[in-house]
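Coordinate inspection notes
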Amino acid sequence: MEPSERWLTTYDVLQKHGVDRRSFLKFCTQTAAAMGLSAALVPKIVDAMETKPRIPVLWLHGLECTCCSESFIRSAHPIAQDIVLNLISLDYDDTLQAAAGFQVEEIRRKIMKDYKGQYLLAVEGNAPTNDGGVYCTVGGQTFLSILEETAADAKAIVAWGSCASNGCVQAAKPNPTGAKPVRKLITNKPIINVPGCPPIADVMTGVLAYVLTFDALPELDRQGRPKMFYSQRLHDKCYRRAFFDAGQFVEAWDDEGARKGWCLYKMGCRGPTTYNSCSTVCWNGGTGWPVKSGNPCIGCAEDNFWDNGPFSQRLANVIVPGIDATPDKIGEALLVASGVGLAAHLTSVVARKQMNKSNPQEPDQPAGKE
Amino acid sequence: MATRVVVDPVTRIEGHLRVEAILDDKNVIGDAISSGTMWRGIEVILQGRDPRDAWAFCQRICGVCTTVHALASVRAVENALGITVPKNAEIIRNIMELTQYVQDHVIHFYHLHALDWVDVVSALKADPAATAALAQKVSPHWPTATTGYFSDVAATVKKFVESGQLGIFQNAYWGHPAYKLPPEANLMAVAHYLEALKWQKEIIKIHTVFGGKNPHPHYLVGGAASAINLNGDNAINVERLEFVHDLIKGAQQIVEGLYLPDLLAIASFYPEWTTYGGGLGNYMAYGDIPQNGVNDPAHFRFPRGVILNKNLAEVLPLDPTDTQQIQEEVAHSWYKYPNGTQGLHPSEGVTEVNYTGPNLPTRNWMKTTATRLSRRRVGKVTRWRLVHCRGC
C-alpha cells in the first residue's frame, strides 16, 4: 500500500476527533483570517483540508532551550490546540511524546522509511559542528548526524526559531561549539526559516497551516522567511509609532515618557530593524508584545542579534566591526552598517519632524535597507 | 546476571538526558548513571558582555522554566553593583516568578510526568457515568464533571486511537501492568490533560502584561520596565491589573480544583512510589519571593536553608556568597579546573571543555553541585520540605 493511500485528510482526522462540519468550516475561516487570506479563499482551504493528506512531522531538538515547543503549545488559534497538534501527525517530538529511549528512535526510523520523501522535518535548535559534534548527542548519536540522516528523505524542513534559522545564543561569539543553523548544514532541501526567540505561537501554527492547506511552501524572502509574517519591521506597525514621529521618547525607565507609553527607540528598541509580526499578530493570544509592556525589542528574530548589543543602547551607537573576507562577515557588516545608516536616517526624520511641526502629516521615506 | 538498561533520550524533559541503569538478576537497580548530553557554552559566551544584557543570555538556558534564569541573572548583576530595586519592581517580579511556578508545576504534572502514571489507551474502557462520579468525588469544585463531558472526551480518545495514528502517544507502554489506574481514573486524567493544555496558555499572559511575551519575557537590571500609571492608557493601569487578577483567580481554580485533587487521587494508586527516591537525604533551597528585598531572606515567602542527612529537626542556614557552602565540581564531567578536582564556588567558576570520550566515569556535560560539601537535592520537593520544617 502506498503511504498516500493510508493517510487521512485533515477533515478525516477532525471528524475522528468529534469535530462537526460546522466547527470545521469555522476553523477553516479562522485559519484563512490568521493567514491574512480573503474570505474568497475559504472554500480552497475547506477543499484542501478535506482532500489533502496529513503530513507526518518529525520534530528534532538540537542545541536549544525548548522555548519553541513551549511557544507552539501557547497557540491561541480558535480550534482547541490538541486538534491543531493533530492536524499534522506529530510522530516524533521528545518534549511531548510518551515513549522514550530506543522506542522513539525506532519511530523516527520507521517514519523515515514508510514516508520517504513525504514527511516534514521540523528542527528546533541547531547542530554543534566542532570536535565531531560531541556537544549534542541523542541515543548515542551526534545530533549533526541525526539531522543529516533525517533531512535526507524529508519533503521539506521547517527551521523553528532563531537557533535553527540563524544560530542564536550558542552561535554568539565565540560560538564555542561551532553551532550552525540548518541552512548552513543542509543545502539540498527546501527550508522555511521561522526566526524569533521563540517565534510567535500563531506564526508557527500559521506556517504549518499554510503548508498543510496549499501543499506548498509559503512565499519566502531572501532569508527564507515566510513573507506573510516577516515582511515588515515592528517599527512600521508599532502602535507607539506616532510618538516616534512626534519626537516623544522614553529617556529613562522611570520618566514621564515611560508612564505615558512613548517611543522606546532611545532605550535601545530594535523595532526599526527587526522583521517579525509582534506588532501585528502580538503574543499570547493578542495580549501584547514587549513594546506594549514598556520593554524595548531586542531584535530576537534577526540574524546575529546577540552580538549586536548592548540591547539598551540605541542603534546609532552600534560599533561597526572590521570587515574581513568571508561572506558571513561581509553580510554581518552590511547588516550592522544598514542599522547605522538607518539610525542616522531616523534621527534626521525626527529632527525634520520637530523642525516642521506645522506639517505633521509628512510621509516617511522607507528607512534603511533590509 | 546484571542487565544494562539505557534510556536515551529521556523524553518529556527540557534538554538532553541519558540514563543508564544496571539491574541485578532480581531486576532491582543497583547503580544508575545520568548524563547531560548537551553543552552550549553560555557561561563562556557571557564573558565580556554588557551585564545589563546578561539576563537575556541566561534566560535561554531553559525555555520551559523561562524567566527564572533571567531573574537570577538580574539579581546577580544588582548584587554586584549594589542596586536595590524599587518595591513595585519587586512585586512585579514576584508575580512573574509565581506565575512561572504555577504554570510549570501544572505542565510538569499533566503534560510531562502524567503519561508515566496514566494509561491513555485504558481510558477507552472507562464508563463515562462512573468517571463523572469519580471526578465529582475527587474534584467537587470543578464544573465539568458530568457524564456528557466525559462521554465526549471518551469519544474523542476512541476515534483518535482507532485512527491508528497515535502521534506523540505511539510506541509507549500502554497496557503494561505497572500502570495502576482504573479506566475511569485514566479517562479523568486524559480529560484534565486537555483542560490543563488549554489553561497553560492563559496563565502566562501575566508575563506578556509585564514582560511582553512568553516564553522568554523581558527583564531589566535595576527594576522592571513596565511602567505603572493608574491614570494612563498606555502603561500598567486598572484594566491590566484586573486582567492579571482574573488570570490569578483562574490559576487558583485550576490548582485547587483540578491539579491538587488529581495529584492526590493518582498518587493514591501508587503508594509504593512514596518509598522510592529521596536522593541522598540532603536538601537545599535558596528561598524566594522576597518581601523586603533579596538581601533579607528572613522575609522570603519561601524560606532559605539546608537539611542534611534527612534531619528534619534542624534547618541549617545558607549563605550563597560563602565560597565553602556552594560549590560546583567536575570530577565526572567533561571539564577541567586549573587546580585539579577541588570544587569551586560559582563566582570563581571555570568552564573549560575537556572531552575524554564516552567512557565512564567521566560522561557528562553537567557539573556536579554541592552544598556544605554534600551532594544535595534542590527544587520543588526541597522547597516544600523547608516550608514544612520552618512551619511557614
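Each remark here, short or long, concerns the structure printed above.
As the structure is a prediction and not an experimental result, all values here were calculated from the model.

Analysis parameters
Residues numbered from 1 in each chain as written. Chains lettered and ligands numbered in written order. Predicted model: local features only at pLDDT ≥ 70, side-chain atom pairs only at ≥ 80, totals over all residues. Heavy atoms only, no water. Pairing = 2+ DSSP bridges. Helix = DSSP H or I, 4+ residues; strand = E, 2+ residues; numbered from the N terminus. Axes fitted to C-alpha atoms, helices over the stretch in contact; angles between N-to-C directions. Parallel < 35°, antiparallel > 145°, perpendicular 65-115°, else oblique. Contact = heavy atoms within 4.5 Å. Nonpolar A, V, L, I, M, F, W, Y, C, P; charged D, E, K, R; others polar. Buried < 20%, exposed > 50% of the residue type's maximum accessible area, 1.4 Å probe, protein only. Salt bridge = Lys/Arg side-chain N within 4 Å of Asp/Glu carboxyl O. Phe/Tyr/Trp six-rings, centres within 6.5 Å; stacked < 30°, edge-to-face > 60°. Lys NZ or Arg CZ within 6 Å of the ring centre and 35° of its normal.

What follows concerns the sheet that holds strand β10 (residues 374–375) of chain B. As summarised here, the arrangement of the three strands in space is β8-β9-β10 (chain B), forming an open sheet in which the pairing is antiparallel. A strand with exactly one partner marks an edge of an open sheet, and here the two such strands are β8 (326–329) and β10 of chain B.

With that settled, consider the packing of helix α6 (residues 147–162) of chain B against helix α7 (residues 183–203) of chain B. Residue and element names in this part refer to chain B. With their axes 10 Å apart at the nearest point, α6 and α7 run at an angle of 85 degrees to one another. Between α6 and α7, the interaxial angle falls into the category roughly perpendicular. Counting all contacts with α6, which are made through Y149, F150, V153, A154 and V157, the residues of α7 involved are L187, M188, V190, A191, H192 and E195. Across the contact of α6 with α7, the residue classes tally to nine nonpolar, one polar and one charged.

A word on the pairing of strand β2 (residues 17–23) of chain B. Residue and element names in this part refer to chain B. The pairing of strand β1 (residues 3–7) with β2 spans five bridges and is antiparallel. Its bridge partner lying in β2, V5 is registered against A21. Linking β2 to strand β3 (residues 29–36), which pair antiparallel, is a turn of five residues; within it N27 sits at a positive phi near 65 degrees.

Bringing the pairing of strand β1 (residues 56–61) of chain A into the picture now. Residue and element names in this part refer to chain A. β1 sits mainly inside the fold: six of its six residues count as buried. Here β1 shows no split at all, with P56, L58 and L60 on one side and V57, W59 and H61 on the other all buried. Note that β1 and strand β2 (residues 89–93) share four bridges and pair parallel. From the neighbouring strand, V57 faces β2, where its bridge partner is L90. As paired strands, β1 and strand β3 (residues 120–124) are joined by five bridges and run parallel to one another. Within β3, the residue paired with W59 across the bridge is A122.

Counted under the stated rule, the structure contains 33 salt bridges over all chains. A salt bridge links D215 of chain A to K155 of chain A; the shortest N-O distance between them is 2.9 Å. Of the two residues, D215 of chain A is situated in the loop between α11 (201–214) and α12 (227–230) and K155 of chain A in the loop between α8 (143–152) and β7 (156–160); the sequence distance between them amounts to 60 residues. Overall, the relative accessible area of 42% leaves D215 of chain A in the partly exposed class. A relative accessible area of 34% places K155 of chain A in the partly exposed class. Residue K87 of chain B pairs with E90 of chain B through a salt bridge whose shortest N-O separation is 3.1 Å. With K87 of chain B and E90 of chain B both in helix α4 (residues 87–113) and three residues apart, the pair spans about one turn of that helix. On the basis of relative accessible area, K87 of chain B is assigned to the partly exposed category, the value being 47%. A residue is classified by how much of its surface remains accessible, and E90 of chain B, at 7% relative accessible area, is buried. Each member of the salt-bridge network shares a partner with another, and the members are R4, D8, R18, E20 and R363 of chain B.

Let's shift gears to the packing of aromatic side chains. Evaluated as defined, the whole model comprises 29 aromatic pairs over all chains. Taking the centre distance of 6.2 Å and the plane angle of 40 degrees together, the rings of F72 of chain A and W160 of chain A count as tilted. You can see F72 of chain A sitting in helix α5 (residues 67–72) and its partner W160 of chain A sitting in strand β7, a full 88 residues away along the chain. There is no split in this pair, since F72 of chain A and W160 of chain A are both buried. Ring-pair connections join several aromatic residues into one group, and the members of that group are Y135 of chain A together with W39, W334, Y335, Y355 and W365 of chain B. Geometry around W283 of chain A places K213 of chain B over its ring, the cationic atom sitting 5.3 Å from the centre. The cationic tip of R383 of chain B hangs over the ring face of Y101 of chain B; the distance from NZ or CZ to the ring centre is 4.2 Å.

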